[in-house]
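Per-entry structural report
Residues per chain, in single letters:
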Amino acid sequence: MAVEESEPVIGELEREENLIAAVRHIVKALGPNKTLTSDAKKILADLGTRLSSMSSPSEKEEGKQRGDDGDDHDGGGDDDEEEGVSAIEERLNVIQEKIMKWEEDQSMIWDLGPEEASEYLNAANEARRLIEKLESLHLKKEDQEYKFMQRACSVLQTAMARLEEEFRNLLIQNRQPFEPEYVSFRSSEEDPVDENSIVSIGDESVEESLQRDSVSRAPEEHIIDLVHPAVIPDLRCIANLLFASNYAQECSNAYIIVRRDALDECLFILEMERLSIEDVLKMEWGTLNSKIKRWIWAVKIFVRVYLASERWLSDQIFGEGEPVSLACFVDASKASILQLLNFGEAMSIGPHQPEKLFRVLDMYEVLADLMPDINALYSDEVGSSVKVECHEVLKRLGNCVRATFLEFENAIATNVSSTPFVGGGIHPLARYVMNYLRTLTDYSDILNLLLKDQEDEDAAISLSPDMSPGTEEDSRSQGSPSRVSSMALHFRSIASILESNLEEKCKLYKEVSLQHLFLMNNLHYMAEKVKGSELRLIHGDEWIRKHNWKFQQHAMKYERASWSSILNLLKDEGIHVPGTNSVSKSLLNEKLRSFYLGFEDVYRIQTAWLIPDIQLREDLRISISLKVIQAYRTFVGRHNSHISDRHIKYTADDLEKYLLDFFEGSPKWLQNPHRR
């Protein structure tokens, strides 16, 4: 606040105008009167005394100059000066009495009413003005006025100490409670992600845990009253007088301490406890996850509501745009905002575990969104340290996102299984990765920005694990490599890494047919996840068509591996009597018996296998029925005359019904076969 330009406590111009108006009124009232009452004469005499003590500094200088040239003046000058000294003393006595009487009273002046407060302010301002007047006289230590000036300085110091206390008390006693609508928070359930493994949970848990929390945009800057509006004019008057009296530092310190404590309380209410980096790094993921969610919520409220309101309060008291206003705001709020940033810094240097990526992305997103607000709040040089720290933490969070994303890629590539996944269903790794990628599409803009400088796009394409002609066609179909986003390149690479990993995992199965069933399930799952989400825009329709073709190929290979040998039993080769065209009933019955044994064996094994997707499961059953049941029905019908009923163990309808038990993940046996 520029003191020279600030509005004085009692507006000098306004006082002068009022004074002139009052004098004119007195002159008009006197009119042609030749006589006055004794009371009127006394009041006018007092007024004359006051006026004589308020002669301008230039007049006093002239008087002193004439005194220095005393040979040219008679004794009347000494009488005038003596009269002026008396007026100053009387004026000082009045001021001192008004100031010192409150030193014996422990009451807060502003608690007693506006009249007392105004009287005290006027007295303190009179002391300041008297000192300014006496200082302008360039007094010597032996001058009587010099002693008065020393007394006035002592009185003013007492008044300033009292006003500083009153200022602090007004700030504290008139603090407004924090708005309930801004301090309510209900954390959602903790994510059930195991911190030691990215493949430890089932699909439902994975999909639920990887659903992105709603990180809604905070409302635009919302100003609330942190101090009761009625006392703002009083606070402004006290601050103006303290600054005008050269007590700017004391006033600023009092304000900063009170408001710093208030903001600390705000963080406490928002449940933003003070944590060291070590505390954060040692925290269990479940607890840390909840604290991150609360931080994301709290930092928006704190910046856009409480810091914005804090800046407004400072401007109201010290003057909008004044350097002292910004300086007080920065000093009062710096510790609180740095406390919040400290948590962000701790998150950025912690271990780069994949399950933390979404939370770090949320933190990066909200801080990036708040940067314009922070830049506006902490403008000019005085706020630069806060802005620099905010930008630095944002940068570190961005680096953490990149490192964690790359760690996620590495975790997929290095994920090794020692035992096959039971039933050949969708592997937890496939579920986790595809749901992970699907959720990451919500952060497309941020990821593209952060990954852009990390990988050379041409190198990424040339080093991609899946460089089949189909992949090249995918790239061409979506434009030249230079037009493919960094995120798209990484996502395609991850899908290829996952596919390669699944191909390694399928080798753990001893049955070739189960290897193909496993790959069919997982490639179908990947294709469906891409087709039904924003991943389609990243991978493209050609990628989907290619992987549809791949899983269909594995379905055909499964059928061939599982049923070829059984279907061969339903061929006519080997059923004739050697050297003739006659059908051997014994050979025919033996073939049927082998077929039934083979079907029962497949039934026992493959009812335990699993195809989670209902449509895929139904399609494969239909395909098997068209091949196996139709071949059985044709074979039995062709040789019906050579086969007795007692050798027909199952009808075609029986077999078709049994096919409905396949791929349910629950092993069964054919214990009581139907016999005709």
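From a predicted model like this one, the values you see are computed outputs, not experimental measurements. (Residues numbered from 1 in each chain as written. Predicted model: local features only at pLDDT ≥ 70, side-chain atom pairs only at ≥ 80, totals over all residues. Heavy atoms only, no water.)

The subject of this paragraph is the overall build of the chain. Across its full length, the chain carries 26 helices and zero strands. Out of the 676 residues belonging to the chain, those deemed buried represent 47%. In the chain, the share of contacts with a sequence separation of at least 24, taken over all contacts with a separation of at least 6, comes to 82%. Here the chain has roughly 34300 Å² of accessible surface; of this, 50% comes from carbon and sulfur atoms. (Helix = DSSP H or I, 4+ residues; strand = E, 2+ residues; numbered from the N terminus. Buried < 20%, exposed > 50% of the residue type's maximum accessible area, 1.4 Å probe, protein only. Contact = heavy atoms within 4.5 Å. Areas by Shrake-Rupley, 256 points an atom, 1.4 Å probe, with all protein chains shown as cover.)

Okay, the nonpolar core next. Leu163, Phe167, Phe318, Leu440 and Tyr632 are the most contacted members of the largest nonpolar core, which totals 180 residues. By residue number, the principal contributor to this core is helix α12 (residues 285-318), which donates 17 residues. For Tyr632, the residues in contact, after removing those within four places along its chain, are Leu570, Leu592, Phe595, Tyr596, Ile648, Tyr650, Thr651, Ala652 and Leu655. (Core = buried A, V, L, I, M, F, W, Y, C linked by side-chain atoms within 4.5 Å.)

What follows concerns the packing of helix α14 (residues 357-377) against helix α17 (residues 444-451). As a packed pair, α14 and α17 sit with axes 11 Å apart at the nearest point and diverge in direction by 90 degrees. By the angle between their directions, the pair α14 and α17 is classed as roughly perpendicular. Mapping the contact onto sequence places Leu361, Tyr364 and Glu365 in α14 and Ile446, Leu447, Leu449 and Leu450 in α17. Residue composition of the contact of α14 with α17, by class: six nonpolar, no polar and one charged. (Axes fitted to C-alpha atoms, helices over the stretch in contact; angles between N-to-C directions. Parallel < 35°, antiparallel > 145°, perpendicular 65-115°, else oblique. Nonpolar A, V, L, I, M, F, W, Y, C, P; charged D, E, K, R; others polar.)

Note on placement: Asp362 falls in helix α14. Of the polar contacts made by the side chain of Asp362, one reaches the side chain of Tyr443; its length is 2.6 Å. (Polar contact = N/O pair within 3.5 Å; in protein donor to acceptor, adjacent residues only side chain to side chain.)

Here the focus is the environment of Phe167. Mapped onto the fold, Phe167 is located in helix α7 (residues 144-173). Counting along the chain gives 75 residues from Phe167 to Leu242, while the straight-line C-alpha distance between them is 9.8 Å. Among all residues touching Phe167, those that are not within four sequence positions of it are Leu235, Ile238, Ala239, Cys251, Ala254, Tyr255, Ile317 and Phe318.

Another point: the confidence of the model for the chain. Interpretation of this model should avoid reading the predicted coordinates in detail wherever pLDDT is low. Averaged over all residues, the pLDDT of the chain equals 80, while 75% of them reach at least 70. This stretch, residues 1-10, has a pLDDT under 50; its non-local contacts, to residues over four places away or in other chains, come to 20 contacts. Contacts of residues 214-219 to residues separated by more than four positions or lying in other chains number ten contacts, the stretch itself having pLDDT below 50. (pLDDT = per-residue confidence, 0-100.)

It is worth spelling out helix α25 (residues 614-638) at this point. Over its 25 residues, α25 extends 35 Å from the first C-alpha to the last, a length consistent with the 36 Å expected when each residue adds 1.5 Å. The principal kink in α25, of about 30 degrees, is found at Ser625. Taken as a whole, α25 has its buried residues at Leu616, Arg617, Leu620, Arg621, Ser623, Ile624, Ser625, Val628, Ile629, Tyr632, Phe635 and Val636. Elements that come into contact with the buried residues of α25 comprise α21 (512-531), α23 (541-568), α24 (585-606) and α26 (652-659). Measuring from the backbone nitrogen of Gln615 back to the side-chain oxygen at the start of α25 gives 3.3 Å, which picks out Asp613 as the cap. (Expected span 1.5 Å × (residues − 1). Bend = angle between axes of the 7 residues up to and from the residue.)

By secondary structure assignment, the location of Glu355 is in the loop between α13 (323-349) and α14. For the pair Glu355 and Trp285, spaced 70 residues apart in the sequence, the C-alpha separation amounts to 9.3 Å.

Between its terminal C-alpha atoms helix α20 (residues 486-506) stretches 31 Å, which fits the 30 Å expected from 21 residues at 1.5 Å a residue. Here α20 lies mainly inside the structure; 18 of its 21 residues are buried.

With that settled, consider the packing of aromatic side chains. In this structure the tally under the stated criterion is 24 aromatic pairs. Ring centres of Phe595 and Phe599 lie 6.4 Å apart, and the angle between their planes is 35 degrees; on these two criteria the pair is classed as tilted. Of this pair, Phe595 and Phe599 both sit in helix α24, four residues apart, which is roughly one turn of that helix. Considered together, Phe595 and Phe599 belong to a single accessibility category, that of buried residues. (Phe/Tyr/Trp six-rings, centres within 6.5 Å; stacked < 30°, edge-to-face > 60°.)

Here we take up the pattern of salt bridges. Considering all chains together, one arrives at 31 salt bridges under this definition. We note a salt bridge from Arg304 to Asp373, for which the minimum N-O separation is 3.2 Å. Pair noted here: Arg304 is in helix α12 and Asp373 is in helix α14, with a separation of 69 residues, a long-range link. Per residue, the accessibility class of Arg304 equals that of Asp373, and both read buried. Here Arg396 makes a salt bridge to Glu345, at a shortest N to O gap of 2.7 Å. A residue pair is termed long-range when its members are at least 10 positions apart, and Arg396 in helix α15 (residues 384-413) and Glu345 in helix α13 qualify at 51 residues. Overall, the relative accessible area of 27% leaves Arg396 in the partly exposed class. One network of salt bridges, in which partners are shared, links Arg617, Glu618, Arg621 and Glu664. (Salt bridge = Lys/Arg side-chain N within 4 Å of Asp/Glu carboxyl O.)

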